[in-house]
Amino acid sequence: KRLAATMAQHLVFHGTIIHCLNVEDLEIIKDGLIVVSPDGAISSLMRSVEEASVLPHLSAIGLSEQQCSVRFLERGQFLIPGFVDTHNHAPQWAQRGIGQGMHILDWLEKHTFPNEARFSDPAYARRVYSSCVDGFLQQGVTTASYYGSIHPEATNILADLCLEKGQRAFVGKCNMNREAPDYYRDATVRTSLSETQQCLAHMRMIDPEGRLIKYVITPRFAITCEDDLLAGLGEIVKSNPDLPIQTHFNEAEQEMSYTKKLFPKFDNEVDLYNHFGLLSRRSILAHCCYMSEYELERFKELECGVAHCPISNMTVGGGFMAAPIREFLRRDIKVGLGTDSGGGFSSSILDAMRQALVASNAREVTSQGKDKGLLIHEVFYLATLGGAKVCCLDEKVGNFSVGKEFDALLIESKNSAPGVMTMIEEHDSIDLILDKFIMTGDDRNIKEVFICGRRVK
Ligand code: GUN
Ligand code: FE
């Protein structure tokens, strides 16, 4: 029921609103009333407002019926925060699901480098990246941290597409100048760094305030980067301390032992990346399957964030390991979810949530009960507020606190295609409906997607 619809209106929803206040507290707001101002910010969140008193409540905060577009959600419909994908390879959109069970260095050589090399062609890049961004938006990913290919032109196209389609995104040109074939690596440290600066400048030009798009420093991982390249990237971070940084960290034994061989001076990856100035509260470290006590302590001190990629961890790359998520949470180390699409075969955060549960149950067994399996509301936290914290965007998004920007998914749990989401019944509580959606729903249940108040699906 739409009461009015004109330009620059305040977007108003009445009905069930679900979000996390922190990892322990899932808040289910019944008869909630949320008001989004025309600039996309949440200006008001009220609880227990009866349908009949919506207009008086709006009027009490100075809004007339004409200024608002009011939506009344029905039973089975609810709002949740948009999903944050903290780790994702845009060029691998074209290779999802390929190379199951392979170890990381073999998988990169056989499947990934030949695939990513194709992004030297800007027309091809535009076609694949357009499908990629559309695909993630369809699935409710309102914020994504993307690795691009090594190509600056293709990477800038990815950033342009995210901005045009309205997705909040970190986008980075992938830096790699060794341990990769001649046809797919940065020619020299100098060109790698200057192309990085070129992409950084492009993104600052298209979105000067970084409202949606931010450049992210993206060394692929230490194996493919010479010391001078890592040091040069660290210098860029030093002069631009607001830049996020992403890389792969302690993913698999093959990767960790080869890293040690290439960097004999360092005992572990924390000391290695930190030496080059690449660890800070803005660092997003993917995988972190194997963590020593020392590395856990350093993560906490340095305020690094973890991109947990439970699908790829157990299917591609050779980690085949349930990462210590309970330990991160216990120590208050930031952690969110990554699809790692396409090492991860799925580009759905719902799938990542489910696999995080599965992996955590395996971890409970292998840790002899020390690391208890995750709960559904905890993986929901990882997918929303946890991810926002990892990206240092939790003052902007991650839940529906007043003042944040409205990144939201409108979930429709009724009337989904047969066989998809578990049907809801008359007496189902909202908690139960949420569980059914998280465990069995898919993008058909994500009816509408909003980013900064703009509808993108
Ligand atoms: N390590 C270095 N590059 C990659 C990549 O593309 N995917 C995964 N899973 N690990 C990596
Ligand atoms: Fe990855």
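### What about the overall build of the protein?
And then number 1: Each helix and strand counted, the protein has 14 helices and 18 strands in total.
And then number 2: Relative to the compact-globule value of 23 Å for 457 residues, the protein shows a C-alpha radius of gyration of 22 Å, a close match.
And then number 3: Structurally, the protein occupies a C-alpha span of about 70 × 50 × 40 Å along its principal axes.
And then number 4: When burial is assessed residue by residue, the protein has 52% of its 457 residues classed as buried.
And then number 5: Taking as baseline every contact in the protein between residues at least 6 positions apart, the subset at least 24 positions apart corresponds to 75%.

### What about the nonpolar core?
And then number 1: Ranked by size, the top nonpolar core spans 138 residues in total, and within it Tyr129, Leu158, Cys162, Val171, Met353, Ala356 and Ala383 carry the most contacts.
And then number 2: Per-element accounting of this core gives the leading share, eight residues, to helix α13 (residues 376-390).
And then number 3: Summarising the domain contributions, this core has at least three residues from each of domain 1 (10-81 + 400-455) and domain 2 (83-390).
And then number 4: Not counting chain neighbours up to four residues away, the residues in contact with valine 171 comprise Tyr146, Gly148, Thr155, Leu158, Ala159, Cys162, Met203, Ile213, Tyr215 and Val216.

### Topic: the site of ligand 1
And then number 1: As a matter of local geometry, ligand 1 sits amid His89, Ile104, Leu108, Thr112, Arg220, Phe221, His248, Glu251, Ser312, Gly317, Asp340 and Gly343.
And then number 2: In the shell around ligand 1, the residues fall into three nonpolar, six polar and three charged.

### Digging into the pairing of strand β3 (residues 42-46)
And then number 1: Sheet topology places strand β2 (residues 26-36) next to β3; four bridges connect them, and they run antiparallel. Each bridged residue has a counterpart across the sheet, and for valine 35 the counterpart in β3 is serine 44.
And then number 2: Here β2 hands over to β3 after five residues, with glycine 40 in that stretch at a positive phi of 95°.

### Some remarks on the packing of helix α4 (residues 152-165) against helix α5 (residues 189-206)
To describe two helices that pack against each other, one gives the angle between their axes and the distance between the axes.
And then number 1: Two numbers describe how α4 lies on α5: the axes approach to 10 Å, and their chain directions differ by 20°. With respect to α5, the axis of α4 lies roughly parallel. As α4 runs across α5, the sense of the crossing is right-handed. Here Pro152, Thr155, Asn156, Ala159, Asp160 and Leu163 of α4 lie close against α5, whose contacting residues are Glu195, Gln198, Cys199, His202, Met203 and Ile206.
And then number 2: For the contact of α4 with α5, the residue count by class is six nonpolar, four polar and two charged.

### So, the sheet that holds strand β13 (residues 283-287)
And then number 1: Here we have four strands laid out as an open sheet, ordered β12-β13-β14-β15, and parallel in their pairing. Each edge of the sheet is formed by a strand with only one pairing partner; in this case those strands are β12 (245-249) and β15 (334-337). Strand-to-strand twist in this sheet, taken as the mean axis angle between neighbours without regard to direction, amounts to 30°.
And then number 2: Inspection of the sheet shows β13 paired to strand β14 (residues 305-308) by three bridges, in the parallel sense. What sits directly across from isoleucine 284, in β14, is glycine 305.
And then number 3: The sheet contacts of α13 involve β13, β14 and β15, and relative to β15 the element is tilted by about 125°.

### Focus on the confidence of the model for the protein
And then number 1: Averaged over every residue, the pLDDT of the protein is 96; residues scoring 70 or more account for 98%.
And then number 2: Confidence drops under pLDDT 50 across residues 1-6; counting only partners more than four residues distant or on other chains, this segment forms 10 contacts.
And then number 3: Both scores are available for the predicted complex, with the pTM at 0.97 and the ipTM at 0.99.

### A few points about the sheet that holds strand β6 (residues 83-89)
What holds strands together in a sheet is hydrogen bonding between their backbones, with the strands either parallel or antiparallel.
And then number 1: Reading across the sheet, the four strands line up as β6-β7-β8-β10 and stay open at both edges, with parallel pairing between neighbours. The strands lining the two open edges of the sheet, one partner per strand, are β6 and β10 (213-215). Sheet twist, expressed as the mean angle between neighbouring strand axes with direction ignored, is 15°.
And then number 2: Against the sheet, α4 makes contact with β7 (141-147), β8 (168-172) and β10, and its axis sits at roughly 175° relative to β8, the strand it touches most.

### Brief notes about the domain arrangement of the protein
And then number 1: When its domains are assigned, the protein resolves into domain 1 (10-81 + 400-455) and domain 2 (83-390).
And then number 2: Each partner contributes residues to the interface: domain 1 has 17 residues there, and domain 2 has 21 residues.
And then number 3: Going through the elements one at a time, β1 (10-20), α14 (430-440) and β17 (446-451) are the ones with two or more residues in the side of domain 1 that touches domain 2.
And then number 4: Taken together, the residues that form the side of domain 1 that touches domain 2 break down as 10 nonpolar, two polar and five charged.

### Section: the packing of α5 against helix α6 (residues 227-239)
And then number 1: Contact pair α5 / α6: the axes reach a minimum separation of 9 Å and the direction vectors enclose 25°. Considering the angle they form, α5 stands roughly parallel to α6. With respect to the hand of their crossing, α5 and α6 are arranged in right-handed fashion. Residues Val189, Ser192, Leu193 and Thr196 of α5 form the contact with α6, whose own contacting residues are Asp228, Leu229, Gly232 and Ile236.
And then number 2: Here the residues of the contact of α5 with α6 are counted per class, giving four nonpolar, three polar and one charged.

### Some words on the environment of serine 64
And then number 1: Tracing the sequence through the fold places serine 64 in the loop between α1 (54-60) and β4 (68-72).
And then number 2: A tally of 11 C-beta atoms within 10 Å means that serine 64 is categorised as exposed.

### Description of helix α2 (residues 104-117)
And then number 1: Where α2 bends most, at histidine 111, the angle is about 40°, and the proline proline 114 comes one to four residues later.
And then number 2: Of the residues making up α2, those classed as buried are Ile104, Trp107, Leu108, Thr112, Asn115 and Glu116.
And then number 3: Summarising the contacts, the buried residues of α2 are in contact with α7 (253-262).

### Some words on unusual backbone geometry
And then number 1: Note that the residue after serine 341, namely glycine 342, is joined by a cis bond; omega there is 0°.
And then number 2: Here glycine 342 is to be found in the loop between β15 and α12 (349-366).
And then number 3: The backbone phi angle of glutamate 179 is positive, close to 55°, even though this residue is not glycine.
And then number 4: Tracing the backbone shows glutamate 179 in the loop between β9 (174-175) and α5.
And then number 5: Taking the C-beta count within 10 Å as the criterion, glutamate 179 has 18 such neighbours and is therefore assigned partly exposed.
And then number 6: Residue asparagine 250 is not a glycine yet carries a positive backbone phi of 40°.
And then number 7: When you line up the elements, asparagine 250 lands in the loop between β12 and α7.
And then number 8: What makes asparagine 250 buried here is the crowd of 23 C-beta atoms within 10 Å.

Basis of the calculations
Residues numbered from 1 in each chain as written. Chains lettered and ligands numbered in written order. Predicted model: local features only at pLDDT ≥ 70, side-chain atom pairs only at ≥ 80, totals over all residues. Helix = DSSP H or I, 4+ residues; strand = E, 2+ residues; numbered from the N terminus. Rg over C-alpha atoms; globule rule 2.2 N^0.38 Å. Buried ≥ 20, exposed ≤ 12 C-beta atoms within 10 Å, placed from the backbone. Contact = placed C-beta atoms within 7 Å. Core = buried A, V, L, I, M, F, W, Y, C linked by C-beta atoms within 7 Å. Domains from an automatic or database assignment. Near = placed C-beta within 6 Å. Nonpolar A, V, L, I, M, F, W, Y, C, P; charged D, E, K, R; others polar. Pairing = 2+ DSSP bridges. Axes fitted to C-alpha atoms, helices over the stretch in contact; angles between N-to-C directions. Parallel < 35°, antiparallel > 145°, perpendicular 65-115°, else oblique. Left-handed = near helix turned anticlockwise from the far one by under 90°. pLDDT = per-residue confidence, 0-100. Bend = angle between axes of the 7 residues up to and from the residue.

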